[in-house]
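# Structural characterization, general
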Amino acid sequence: MWNRLRILAVSGLALFTVSASLPPASAHAPRTHHPSGGGLSAVIRYTEYGIPHIVGKDYADLGFGNGWAQAADQVCVLADGFVTLRGERSRWFGPDAAPDGSLSSASKNLASDLYFRGVRDNRTVEKLLRTPAPAGPSRAVKELQRGWAAGYNAWLAQNRITDPGCRGARWVRPVTAVDVAARSYALSVLGGQGRAVDGITAAQPPVGAPDPAPPSPSGAAKAAERLLSAREADMGSNAVAFSGGTTANGRGLLLGNPHYPWEGGRRFWQSQQTIPGKLDVAGGSLLGSATVSIGHNAHIAWSHTVATGVTLDLRQLTLAPDDPTVYLVDGRRHRMTKRSVSVPVAGGGTVARTQWWTRYGPAVTSLGAGLPLPWTGTTAYALDDPNAANLRSGDTALGFSTARTTAGVKEALRRTQGLPWVNTIAADSSGHTFFSQAQVLPRVTDELAERCSTPLGRATFPASGLAVLDGSRGDCATGSDPDAVQPGIFGPGRMPVLENVPYVENSNDSAWLANASAPLTGYGRIFGTVATPRTVRTRGALQDVSAMARGGGLTVASLQHQQFANRVPAGEMAASAVAGACAALPGGTAAGSDGRDVDVSAACPVLRAWDRTATTSSRGALLFDRFWRRAVAVPAGRLWKVPFSPADPVNTPNTLDASAPGVLAALADAVSELRGAGIALDAPLGEHQWVRRGSQRIALSGGTEALGVWNKTEGVWDASAGAYTDVSTGSSYIQAVGWDGGPCPVARTLLTYSQSSNPDSPHFSDQTELFSRGRWVTSRFCEKDILRSPALRVVRVHEGRGRSHH
C-alpha cells in the first residue's frame, strides 16, 4: 500500500521532486500555459487533523488547490465574506443586522454594503490589479488569485454543502479573481477606510440646520487614543525569535502566537503549499488568502504582530462659502467627486446614497462612535488611507515564503512594501533574528505634524499618532520618500529595524522594546511611542524571553513550554498584596461598588494559595480574573505605589496599593458575582472557562489582556451559565519552529479553533481538544514525513472533471 501511495503521490504529475534549494525571492514569474478559465488541477494530500499539503505545477494550479481546500473546510464563512464584498448583506440578511466585523468596522449591513458597493462600482480593485509591479501586485499573485477563484468555484460545482451555516443558501455563489483580490483589499484598508465605514457612508453636506459644535480637542484626543490603541483591538499577538547564541545548537528559533478572532472571516486556516523547485512553505493563511500569512519553509520562520503605526490621517478641509461640496487648496476651488451608490435590500427595492470624495480620500463625519467629525458650512474632514492603493501584501508573503535567511525577509519587505498593519519577527536556520515595523503608513513626519496640524491635530497626534492636517495648504502634502514604491508613504529606510540580537519580541506595544537591552528610538510618532508604559502582557513577555535568552540552551521544547506556561504577570504583581489587605479587613468585610458590605474573608486564603497561573486546574485564577478586570479601572497613578520609570520599563509600575479607592470594592464585587452564580471561590479555571463544540465542553487555559498572559484567551462571560462559554479572540495559529541541521525544519503547530467551521466535519474541534490539553501537532513538512502519515489521504482535484481519491 505504501509503495502504491508513494507512486501515486510522486509520479502522478511529477509534483514532488522539490529541489533542495529554492530560487531567490525575486523569482516570482509564473509559468502559466492554461487557457483562461480551464484546465487547472492540483494534488492535495491530507495528513492528521485535516491539514492539506497542496501541490501545483505553477501558481495558478497551486491557487486552484488552495481555493478548493479552503472551500472544503470553510465554505460558509468564505461565502459570507463574498456577500460582504459584493455589497449584498442587506439583500440577504437585512439592512439593520450587523456583519461579523471581519472585513470592516461597519455597525450595520447597510453601511457595509454602501461602502463595498462603492468600491465595486468604482472598480477600485481592478485599477490596482492593473498597476504594474512593484507598486501593484505581481503576475504570480494574480495567477494565485485566479486559481483560487477557480478552485473555490470547482468545489461548489462538484460538492454538496453539508454545513448548516449555509446549506441550501442562495447567497453561496461562484466568485471571480477580482473578488479574491477584493478580500485582500478589504484586509489592507481594515485600519484605515475600513475603520471609518459608518463615517464615510453617512457623510453628507449640511442642509439648512445650524452647524453642530466642533469636536473638543481634548475629547477627540482621548477618543482617538482609545480607538487606535492596540490594547482595545480585537486582534493582537506575541512573537519572539531567538538567535543562535541562545539556542542549544546555534540555530534560530521562532515562536508565533497571534491573537485573532475565533469566529468569522478573520480566522486562520492551515496548509502546506508547494510548487516543485520554486515554492515550499507551510503555515496559516487568513481565510480567503491565496498565500501563507504566517509560516515557515525549510530555512526561515516568521510571524506577525499587530503594530502601533497609525495607518490613516485626516485632512481638515476649508470649504467655499457658497458651496459645502467645494474645498479650497491654496485659495483654489476643488469640487468634491460625487459617487452615487445603490444597494439592494431584503424584500426588494434598493437604498441609494451619495458618497463624497476629495483629492485626499473620502469625506468622513466620524472616526468611530466616540470621535465625531461634523461637516459644517465651513469645515469638513477627509480620510487619507495609503493602503487604499496597496494590493501588495500577497507579494510580501511570497517573498517571505521563498526567503532563505532573515536578510531575505528584509529584502522582501524592502521590495514589496505590502504590509498594512503588522510587525514582522523572523528567525533562520543560521541563527539570525529579525524585527521590523515595516508598515504602509502615511508619510506624516513629526516635522509635518508640527507645521501643518490643525488645533484638533495638535491634540490627537501626540496622544494617539492620528494626524489632522490642514487640507487647505498645498505645502502640507505628505510628499514621498525616494525608496518608497508608492507616493505618500514612508520608505523602508525609515522603518524601525532590529537584527541579530539575542532575541526580538513584540506583544503589540511599539517597537521601542523589541529587545529590552537594545531599545529602538528615532522613529516618528506615527509609528508609536518611546519611553512610555508597556502593557502587562509586554512586560511579562519581556521578562520571560529575556530570562530564556540569558539561560541559553533553548530548543523547540522551550518554546512549547513558554506557550503553555500560562503565567499571570498581573497576579505576581498584585495577588499577594490583595490577599494581605483582605486578611487585614475588620470583620473580613469590604464594601462593594454599591456600598453594601460583603464578607470576603474566604477569598483571602484562595488568593494567597493561588499558583499565579491560568491553567485549567488553577484554583483562584477565576477569582483573580473577575477581580482584576474591575481593579484596572482604578487610574494607574493610584493603583501602583511605584510609578512607571523609563529607566526600568519592564518592571514598573509596581507594588499594588490595595488601599486605593476601588481596589477592595473590586474584590467585594468579584466575590459577590461568583457566589451569586454558585461558583466556589477556589473553583478550577477550566470548569468555568470553556468553549462548546456540539455537546462537548472543552476547557481552556489562558486569560484576558489585562492579566498579561502570553496565551491570551479573551473569554465571553455568561453570568447565567457561570462561565466563560466562548472565546471572542485569542491564541489562534501557533507555531514553534527550529532547525537541527537536517533538511527538515523542526516545527510544532496548533490551530486552536481547528480547521473547519462545519460542525459535521471531523476537524471541527480536534485541534481545540489538543489546545485544551496543551498538546501540539508535529509538522509534516518533508516528503518522507508526509508519506508516513497514518492519516494520509490523496485527492486529485480538477477543474470541471471532479476529483479522485487514493
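Structure: above.
What comes next is a walk through the structure. Just so you know, these numbers come straight off a predicted model, no measurement behind them. (Residues numbered from 1 in each chain as written. Predicted model: local features only at pLDDT ≥ 70, side-chain atom pairs only at ≥ 80, totals over all residues. Heavy atoms only, no water.)

## A short note on the overall build of the protein
Per the secondary structure count, the protein includes 22 helices and 32 strands. Overall size of the protein, expressed as C-alpha extent along the three principal axes, is 80 × 75 × 55 Å. Here the protein holds 806 residues, and the buried ones make up 63% of them. Pairs at least 24 apart in sequence give 69% of the contacts found in the protein among residues at least 6 apart. Carbon and sulfur atoms make up 52% of the accessible area of the protein, which totals about 28200 Å². For the protein, the separation between the mean place of its 78 positive charges and that of its 64 negative charges on side chains is 5 Å. (Helix = DSSP H or I, 4+ residues; strand = E, 2+ residues; numbered from the N terminus. Buried < 20%, exposed > 50% of the residue type's maximum accessible area, 1.4 Å probe, protein only. Contact = heavy atoms within 4.5 Å. Areas by Shrake-Rupley, 256 points an atom, 1.4 Å probe, with all protein chains shown as cover. Lys, Arg positive; Asp, Glu negative; His and termini not counted. Charge placed at Lys NZ, Arg CZ, Asp CG, Glu CD.)

## Quick look at the nonpolar core
The nonpolar side chains of a soluble globular protein tend to be buried with one another. Formed by 167 residues in total, the largest nonpolar core has its most connected members in V75, Y152, V172, Y185, F242 and L367. Of all the elements, helix α2 (residues 59–86) adds the most residues to this core, at 15 residues. For Y152, the residues in contact, after removing those within four places along its chain, are G67, W68, A71, V75, L78, A79, F82, V172, R173 and V175. With 48 residues, the next largest nonpolar core counts V568, C582, V606 and V671 among its residues. (Core = buried A, V, L, I, M, F, W, Y, C linked by side-chain atoms within 4.5 Å.)

## Quick notes on the pattern of salt bridges
Opposite charge on two side chains lets them pair, provided their charged atoms get close. Applying the stated rule across the entire model yields 33 salt bridges. The residue R596 makes a salt bridge to D594 at a minimum N-O spacing of 3.9 Å. Accessibility classification places R596 together with D594 in one group, the exposed group. Two residues, R629 and D625, come together in a salt bridge whose shortest N-O distance is 3.0 Å. Linking R629 with D625, this pair stays in helix α18 (residues 621–631), spanning four residues, or about one helical turn. The buried category is assigned to D625, whose relative accessible area is 4%. (Salt bridge = Lys/Arg side-chain N within 4 Å of Asp/Glu carboxyl O.)

## What to know about α2
The terminal C-alpha atoms of α2, which comprises 28 residues, lie only 26 Å apart, well short of the 40 Å expected from a rise of 1.5 Å per residue. Roughly 100 degrees is the biggest bend found in α2, and it falls at Q74. Its side-chain oxygen at 3.3 Å from the backbone nitrogen of A60, D58 defines the N-terminal cap of α2. Once α2 ends, the next one or two residues include G87, with phi positive near 70 degrees. (Expected span 1.5 Å × (residues − 1). Bend = angle between axes of the 7 residues up to and from the residue. Polar contact = N/O pair within 3.5 Å; in protein donor to acceptor, adjacent residues only side chain to side chain.)

## Some points on the environment of Q273
Within the secondary structure, Q273 is located in strand β5 (residues 268–275). Taking C-alpha positions, Q273 is 9.5 Å from S401, a pair spaced 128 residues apart along the chain. If we ignore the near neighbours within four places in the chain, the residues touching Q273 are I54, L62, N66, L279, D280, V281, S285, A290, T291 and V292.

## Looking at the side chain of S507
With respect to the helices, strands and loops of the structure, S507 is situated in the loop between β19 (503–506) and α14 (536–551). Side chain to side chain, S507 and N238 meet in a polar contact 2.7 Å long. What S507 contacts, discounting residues up to four positions off in sequence, is S237, N238, T535, R537, T538 and A541.

## A few points about the packing of α18 against helix α20 (residues 663–676)
Axis angle and axis distance: for two packed helices, these are the angle between their axes and the distance between the axes, and together they describe the pair. Relative orientation of the contacting elements α18 and α20 amounts to 135 degrees, with a least axis distance of 8 Å. By the angle between their directions, the pair α18 and α20 is classed as oblique. Every pair of crossing elements has a handedness; the one defined by α18 and α20 is right-handed. Here α18 contributes L622, L623, R626, F627, R630 and A631 to the contact with α20, which in turn contributes V663, A666, L667, D669, A670, V671, E673 and L674. (Axes fitted to C-alpha atoms, helices over the stretch in contact; angles between N-to-C directions. Parallel < 35°, antiparallel > 145°, perpendicular 65-115°, else oblique. Left-handed = near helix turned anticlockwise from the far one by under 90°.)

## Some thoughts on the side chain of S779
You can see S779 is positioned in the loop between β30 (777–778) and α22 (783–787). Taking the relative accessible area as the measure of exposure, S779 reaches 18% and is therefore buried. Those residues in contact with S779 that lie beyond four places of it in its chain are H296 and A747.

## Let's talk about helix α15 (residues 556–564)
Taken together, the buried positions of α15 are occupied by V556, L559, Q560, Q562, Q563 and F564. Two residues or fewer after α15 comes N566, characterised by a positive phi angle close to 55 degrees.

## A closer look at the pairing of β19
In summary, the side chains of a regular strand alternate between the two faces of the sheet. Taking every second residue as pointing to the same face, both faces of β19 are buried, with Y503 and E505 on one and V504 and N506 on the other. Pairing between strand β3 (residues 236–242) and β19: four bridges, direction antiparallel. Across the sheet, residue F242 finds its bridge partner in β19, namely Y503. (Pairing = 2+ DSSP bridges.)

## Digging into the state of the cysteines
Scanning the model with the defined rule gives four disulfides in all. Note that C76 is cross-linked by a disulfide to C166, the S-S spacing being 2.1 Å. Note on the C76 and C166 pair: the S-S dihedral is about -80 degrees, so by sign convention the disulfide is left-handed. In this pair, C76 sits in helix α2 while C166 sits in the loop between α6 (139–158) and α7 (177–188), placing the two residues 90 residues apart along the sequence. Neither C76 nor C166 differs from the other in exposure class; each is buried. With its sulfur 2.1 Å from that of its partner, C744 forms a disulfide with C782. Of note, the bridge from C744 to C782 carries an S-S torsion of about -125 degrees and is left-handed in sense. Pair noted here: C744 is in the loop between β28 (733–738) and β29 (746–751) and C782 is in the loop between β30 and α22, with a separation of 38 residues, a long-range link. (Disulfide = S-S within 2.5 Å.)

## Remarks on the packing of aromatic side chains
Under the definition given, this model contains 21 aromatic pairs. Both rings, one in F82 and one in Y152, keep their centres 5.5 Å apart while their planes meet at 65 degrees; by these two values the pair is edge-to-face. Placement of the pair is F82 in helix α2 and Y152 in helix α6, with a sequence separation of 70 residues. Residue F82 shares its accessibility class with Y152, and that shared class is buried. A network of ring pairs unites the aromatic residues W262, F564, Y753, F771 and W776 as a single cluster. Sitting above the plane of the W717 ring, R626 keeps its charged end 4.2 Å from the centroid. (Phe/Tyr/Trp six-rings, centres within 6.5 Å; stacked < 30°, edge-to-face > 60°. Lys NZ or Arg CZ within 6 Å of the ring centre and 35° of its normal.)

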